[in-house]
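Summary of structural features
Residue-level listing of the chains:
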Amino acid sequence: MTTRRTFLKHVSILATAGLISPSFLLKKKYKLGLQLFSIRGAMAQDIKSTLKQVAAFGYEEVEIYGFSGKKYYKLEPSAFKNILDDNNLTTSSGHYDLNKFMLPGSTEDQIFSYIDECIEGAHALKQKYIVWPWLDPDSRTIDKFKEVADKLNRIGERLKGANLKLAYHNHDFEFIDHDGQIGYDIILKETDPSLVKLQAD
């Protein structure tokens, strides 16, 4: 059985060596996708024209961010979904502000109240994944990575009950050495693969 760690190791070695053939990547047809965070300036100025241009460039799928107060980009989920539909765009995943639960004073009730809002929004957009995309600098110690792993498991279990999946999106800071330990290893070891997926960056 291939573990997540083994898979990531093999893929990174093959990619670095240039040994992943294009035919391997094209065996299944995937939609051409764009992470909307990469054009956040344009999205902040004019959502409708920006998404129209995104579709004109040939993109078929977008990964959203900017969910706040039960809205996407200050729009009700149904209104935002209509804009996507008008441009033949789909969204299977979104970056949600789950890092807020690492901040001091956050309670279990607050965590799961927000998770339930995320679930409702994701269902409205017909998404499959909710992604934890970021850790503030104060949350990047070894002890904090252990806390993140625990919260990932609990959130993942909640999402599984709602027919959604949770993913964790890494950056570079998960790979900083802390006296022989790195945060990404902790996330790999201490999260349940049936509850937490990895969005490798």
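Figured I'd write up the structure that's included with this text.

Attention now moves to unusual backbone geometry. Positive phi values are uncommon outside glycine, yet Lys-74 reaches one of about 70°. Inspection of the secondary structure assignment puts Lys-74 in the loop between β4 (71-72) and α5 (77-86). You will see that Lys-126, though not glycine, has its phi angle at about 60°, which is positive. Tracing the backbone through its elements, the reader meets Lys-126 in the loop between α6 (108-125) and β6 (129-132).

Counting residues in hydrophobic clusters, the biggest one holds 46 residues, and the most contacted among them are Phe-80 and Tyr-96. When contributions to this core are tallied by element, the ones reaching two or more residues are α4 (47-56), β2 (61-64), α5, α6, β6, α7 (142-160), β7 (165-169) and α8 (183-190). Here this core takes eight residues from α6, the largest share from any one element. Those residues within four positions of Phe-80 in sequence are excluded, and the remaining contacts are Met-43, Ile-47, Leu-51, Ile-64, Tyr-72, Tyr-73, Leu-75 and Leu-125.

With parallel pairing, the six strands of this open sheet are ordered in space as β1-β2-β5-β6-β7-β8. Bordering the open sheet on either side are β1 (33-35) and β8 (196-199), each of which pairs with just one other strand. Taken over all neighbouring pairs, the strand axes of this sheet differ in orientation by 30° on average, direction set aside. With three bridges joining them, strand β5 (residues 90-95) and β6 adopt parallel strand pairing. If you follow Ser-93 over to β6, its bridge partner there is Tyr-129.

Next up on the list: the pattern of salt bridges. Within the structure shown, the criterion is met by seven salt bridges. The partner of Glu-76 in a salt bridge is Lys-71, and the shortest N-O contact between them spans 3.8 Å. Residue classification places Lys-71 among the partly exposed residues on the basis of a relative accessible area of 31%. A salt bridge links Asp-150 to Arg-154; its shortest N-O distance comes to 3.2 Å. One end of the pair is Asp-150 and the other is Arg-154, both in helix α7 and four residues apart, which spans about a single turn. Using a relative accessible area of 40% as the deciding quantity, one classes Asp-150 as partly exposed. What emerges from the salt-bridge pattern is a single network uniting Glu-108, Asp-150 and Arg-154.

Turning next to the environment of Tyr-184. Counting through the fold element by element, Tyr-184 comes out in helix α8. What makes Tyr-184 buried here is its relative accessible area of 5%.

A few words on the layout of surface pockets. Taken as a whole, the second largest pocket holds about 290 Å³ of empty space. Lining the second largest pocket are 14 residues; nearest its centre among them are Phe-37, Tyr-65, His-95, Pro-133 and Trp-134.

About the thresholds
Residues numbered from 1 in each chain as written. Predicted model: local features only at pLDDT ≥ 70, side-chain atom pairs only at ≥ 80, totals over all residues. Heavy atoms only, no water. Helix = DSSP H or I, 4+ residues; strand = E, 2+ residues; numbered from the N terminus. Core = buried A, V, L, I, M, F, W, Y, C linked by side-chain atoms within 4.5 Å. Buried < 20%, exposed > 50% of the residue type's maximum accessible area, 1.4 Å probe, protein only. Contact = heavy atoms within 4.5 Å. Pairing = 2+ DSSP bridges. Axes fitted to C-alpha atoms, helices over the stretch in contact; angles between N-to-C directions. Salt bridge = Lys/Arg side-chain N within 4 Å of Asp/Glu carboxyl O. 1 Å grid on protein atoms, 1.4 Å probe; cavity = no way out; pocket = protein on both sides within 12 Å on 5 of 7 lines; lining within 4 Å. Points joined across faces, edges and corners; volume = space filled by probe spheres on them.

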